[in-house]
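# Structural description and commentary
Read off the chains here:
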Amino acid sequence: MSQDSNTEAVARPVNFIRNIINDDLASHKHDHVHTRFPPEPNGYLHIGHAKSICLNFGLAQDYQGECNLRFDDTNPSKEELEYVEAIKQDVSWLGFEWSGEPKYSSNYFDQFYQYAVELIEKGLAYVCFLNAEETRAYRGSLTEAGKDSPYRDTSPEENLTLFAKMKNGDFKEGECVLRAKIDMASSFMCLRDPALYRVRFEHHHQTGDAWCIYPMYDFAHCISDAIEGITHSLCTLEFQDNRRLYDWVLDHLEDFNRPDRPHQYEFSRLNLEYTVMSKRKLHQLVSDNLVSGWDDPRMPTISGLRRRGYTPASLRDFAERIGISKVDSMTGMDILEASIRDDLNKVAPRSMAVLNPVKLVIENFDGEPLSIQAPIHPQNEAMGKREIFFGRELYIDRADFLEEAPNGKYQRLALNKEVRLRNAFIVKGVRVDKDEAGNITTIYGTYDPETLGKKPADGRKVKGVIHFVEASTALPAVFRIYDRLFTVENPVKEPDFEAVINTESLVVKQGFVEAGLANSEPERAYQFEREGYFCRDNQAGEVQIYNRTVPLRDTWSKK
RNA sequence: AGGGCUGUAGCCAAGUGGUAAGGCAUCUGGUUUUGAUCCAGUGUACCGCAGGUUCGAAUCCUGCCAGCCCUGCCA
């Protein structure tokens with residue numbers, strides 16, 4: 001089938017959903033693609049949602065179709081306006097544009113009501129006065145059929161009256177529900193006469209107090225999709241059984257019982273190692289003050305990742321790398337980290353920062369600090385140069401000095417050993433000062449003035465390179481070093497996931513950055529050479545705060 | 001256990017009867033004023049297990065095993 005000449009075929013990801021779409025287009029079941037991203041506004045979006053966003057909006061882009069943003073707001077007791085605003089912002093930040101105005105399931109409350117009436121008229125729905133407990137008992141179990149509600153055979157006329165009374169507020173919360181009349185013996189529990197509407201005297205963030213009955217997800221979602229002309233309704237695996245109800249509703253409504261109506265397809269949700277992904281648990285972390293908020297840089301939320309320094313491009317790339325399938329999988333952090341490193345390596349300006357400073361005094365240097373032009377990106381000259389300084393007093397990282405080199409592989413500074421100072425001269429350790437406890441307080445050394453931008457003339461080999469900042473011009477800074485939020489791969493498996501929280505997931509360090517960073521902006525990424533990728537935090541203060549997004553790849557320390 | 005799904009290398013994941021893509025990770029070289037990047041190379045995958053059909057099976061059939069989901073008036 002595929003000809004050799006067909007090599008221009010773009011390297012688009014392949015997955016079962018694209019195969020379905022291709023088939024649907026080929027068979028003319030649909031002549032276009034229209035997807036939707038339908039979050040319930042009851043919390044902040046996380047990276048699992050990012051996967052779904054990239055899927056739905058990405059499909060629309062690739063097939064020149066459309067993707068709606070729809071707030072699935074059928075349960076006013078859990079939803080808030082704060083979340084709808086945050087969700088819009090996160091989707092936009094990720095780089096996607098929804099089709100037209102944002103939609104709300106609540107836009108269709110009138111239509112839902114009419115469709116419910118249609119089902120009642122057809123004898124396919126009834127008002128049931130069993131309470132919640134009775135309903136559960138009547139439902140049966142996984143292995144036993146349920147039994148019919150005593151209200152199941154009420155006439156359509158009477159049900160119409162009852163349903164109107166429900167809408168008018170004549171019944172109390174919990175007194176009755178509207179149920180679909182399907183099959184109390186079905187092996188699909190969701191088909192055992194599921195509730196379609198419940199009574200809730202609750203203020204809704206979109207419709208105010210106009211309604212006191214609210215549709216259930218299974219009734220509202222499929223109809224919303226159909227009203228909006230969605231072709232492919234994508235959701236996660238746990239809705240596989242619900243698909244039967246999705247189809248049942250549309251099959252029994254005159255407006256939607258047509259071949260080109262929407263169909264639901266399910267893919268597996270994202271599970272990431274060392275974190276939790278459910279909104280409930282994320283809520284708990286916030287309310288228990290285990291993190292500073294939804295946008296704590298340790299959170300897997302989109303806003304948290306953003307504050308951590310993740311870029312929209314890196315998250316989109318991540319979504320592409322993990323792909324779409326129906327396998328229950330646990331994705332490693334390494335893929336996420338590879339995505340952000342790949343992006344930042346290309347675009348992040350280089351800079352130097354010393355996180356655990358110790359003073360290095362260059363004994364044979366005197367006078368004013370020397371200005372040096374250093375490349376902003378060693379592999380990309382077009383990014384230009386920056387000014388750094390070299391002087392008599394420098395800071396280097398304590399981890400870059402040992403009085404005695406442990407072995408031949410050691411590539412850092414030691415007494416009587418030379419090392420290159422990044423972007424500057426070759427220096428040699430001479431002696432140290434220590435306090436009473438034996439801690440090194442100052443390192444003294446000498447520099448070779450002939451080695452700026454060149455190798456030693458005498459041909460001697462100097463292997464290591466360490467970074468530094470000039471003491472008098474450096475800016476003090478706080479560094480927040482983040483690590484995984486949990487100590488175990490899958491915290492959800494623990495009896496109490498909060499018990500396995502990583503108490504060292506945030507370590508704060510005080511050090512210095514280059515003078516050139518005086519005007520760094522929040523969310524701007526930098527590579528602090530040899531340390532990792534950092535971004536300025538959005539918290540204002542006298543001292544700059546940098547969040548470590550991800551360390552540089554390290555193929556050496558593990559040996 | 002009644003039903004719905006899933007099992008391809010350490011982790012993701014292509015593959016839809018013709019003899020196992022790719023990414024991440026790993027390892028090995030080379031370049032390098034970041035132990036980074038970059039470049040080149042690197043995998044005995046019993047394709048969950050056992051049978052069967054076929055000239056030929058990861059792909060079809062049967063049985064078994066394992067994991068996930070379903071008994072909200074949540075989504």
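Look a little higher up for the structure.
Here's what I pulled together on the structure shown here. (Residues numbered from 1 in each chain as written. Chains lettered and ligands numbered in written order. Predicted model: local features only at pLDDT ≥ 70, side-chain atom pairs only at ≥ 80, totals over all residues. Heavy atoms only, no water.)

A tally of regular secondary structure across chain A gives 12 helices and 27 strands. Relative to the globule expectation of 24 Å for 559 residues, the C-alpha radius of gyration of chain A, 31 Å, shows a markedly less compact shape. Here the C-alpha coordinates of chain A stretch approximately 100 × 65 × 40 Å along the principal axes. Counting only contacts in chain A whose residues sit at least 6 apart along the sequence, the fraction spanning at least 24 positions is 70%. (Helix = DSSP H or I, 4+ residues; strand = E, 2+ residues; numbered from the N terminus. Rg over C-alpha atoms; globule rule 2.2 N^0.38 Å. Contact = heavy atoms within 4.5 Å.)

Geometry of a packed helix pair, given as the angle between the helix axes and the separation of the axes. Helix H12 (residues 333-347) packs onto helix H11 (residues 312-322) with a crossing angle of 135° between their chain directions and a minimal axis gap of 8 Å. Taken as axis vectors, H11 and H12 run oblique relative to one another. Crossing angle aside, the handedness with which H11 passes H12 is right-handed. Together, Ala 313, Ser 314, Leu 315, Asp 317, Phe 318, Arg 321 and Ile 322 of H11 and Ile 335, Leu 336, Ala 338, Ser 339, Ile 340, Asp 342 and Asp 343 of H12 make up the contact between the two elements. Residues that form the contact of H11 with H12 fall into these classes: 8 nonpolar, 2 polar and 4 charged. (Axes fitted to C-alpha atoms, helices over the stretch in contact; angles between N-to-C directions. Parallel < 35°, antiparallel > 145°, perpendicular 65-115°, else oblique. Left-handed = near helix turned anticlockwise from the far one by under 90°. Nonpolar A, V, L, I, M, F, W, Y, C, P; charged D, E, K, R; others polar.)

Before going further, it helps to spend a moment on the pairing of strand E27 (residues 544-551). Counting buried residues along E27, 7 of its 8 residues qualify, which places the element largely inside the surrounding structure. Summarising the sheet, strand E23 (residues 475-482) and E27 pair through 4 bridges and their orientation is parallel. In the strand pairing of E27, Ala 477 is matched with Gln 544. In this sheet, E27 lies alongside strand E26 (residues 532-536) in antiparallel orientation, the contact comprising 5 bridges. Paired with Tyr 533 across the two strands is Val 550, which belongs to E27. (Buried < 20%, exposed > 50% of the residue type's maximum accessible area, 1.4 Å probe, protein only. Pairing = 2+ DSSP bridges.)

What follows concerns the protein's contact with RNA strand B. Surveying the vicinity of RNA strand B reveals 73 residues, the closest of which are Ser 325, Arg 350, Arg 422, Gly 453 and Gln 527. At the protein interface, 68% of the atoms of RNA strand B within 4 Å belong to sugar or phosphate. Between RNA strand B and Asp 72, the relevant distance is 3.1 Å, taken from a sugar or linking oxygen to a side-chain nitrogen or oxygen of the residue. At the level of elements, helix H5 (132-139), strand E6 (195-199), helix H8 (242-251), H11, H12 and strand E18 (418-421) are the ones that each hand at least two residues to the surface near RNA strand B. (Near = heavy atom within 4 Å. Polar contact = N/O pair within 3.5 Å; in protein donor to acceptor, adjacent residues only side chain to side chain.)

Let us look at the packing of aromatic side chains. Going through the model one piece at a time under the given rule, you end up with 31 aromatic pairs. The interplanar angle of 25° and the centroid separation of 5.1 Å between the aromatic rings of Tyr 44 and Trp 294 together place this pair among those described as stacked. Residue Tyr 44 is found in the loop between strand E1 (34-37) and helix H2 (47-62), and its partner Trp 294 is found in the loop between helix H9 (279-287) and helix H10 (302-308); the two are separated by 250 residues along the sequence. According to the relative accessible area criterion, Tyr 44 is buried, its value standing at 15%. (Phe/Tyr/Trp six-rings, centres within 6.5 Å; stacked < 30°, edge-to-face > 60°.)

One open sheet accounts for 3 strands, arranged E1-E2-E3; its pairing is parallel. The sheet terminates laterally at E1 and strand E3 (103-104), the two strands that pair on one side only. Bridging between strand E2 (residues 66-71) and E3 involves 2 bridges; their strand directions are parallel. Bridged to Phe 71 within E3 is Tyr 104. Most of the contacts of helix H3 (residues 81-93) go to E2, to which it runs at about 160°, and overall it touches E1, E2 and E3. Sheet strands touched by helix H7 (residues 217-228): E1, E2 and E3. Its angle to E2, the strand with the most contacts, is close to 140°.

Attention now moves to the environment of Met 333. Summarising the element assignment, Met 333 is placed in helix H12. Separated by 151 residues in the primary sequence, Met 333 and Arg 484 have C-alpha atoms spaced 9.0 Å apart.

Here the focus is H3. Because each turn of an α-helix spans 3.6 residues, side chains separated by three or four positions in sequence point in the same direction. Given a rise of 1.5 Å per residue, 13 residues ought to cover 18 Å, and the 18 Å separating the end C-alpha atoms of H3 matches this to within 8%. Looking at H3, one finds that the buried residues are Tyr 83, Val 84, Ala 86, Ile 87, Lys 88, Asp 90, Val 91 and Trp 93. Residue Gly 95 follows H3 closely and has a positive phi angle near 100°. (Expected span 1.5 Å × (residues − 1).)

The next thing to look at is the side chain of Arg 298. Take Arg 298: it is sitting in the loop between H9 and H10. Assessed through its relative accessible area of 14%, Arg 298 is described here as buried. Within the local environment of Arg 298, its side chain forms a polar contact with the side chain of Ser 505, the two groups lying 2.9 Å apart. What Arg 298 contacts, discounting residues up to four positions off in sequence, is Leu 290, Val 291, Ser 292, Arg 308, Tyr 482, Asp 483, Leu 485, Ser 505 and Leu 506.

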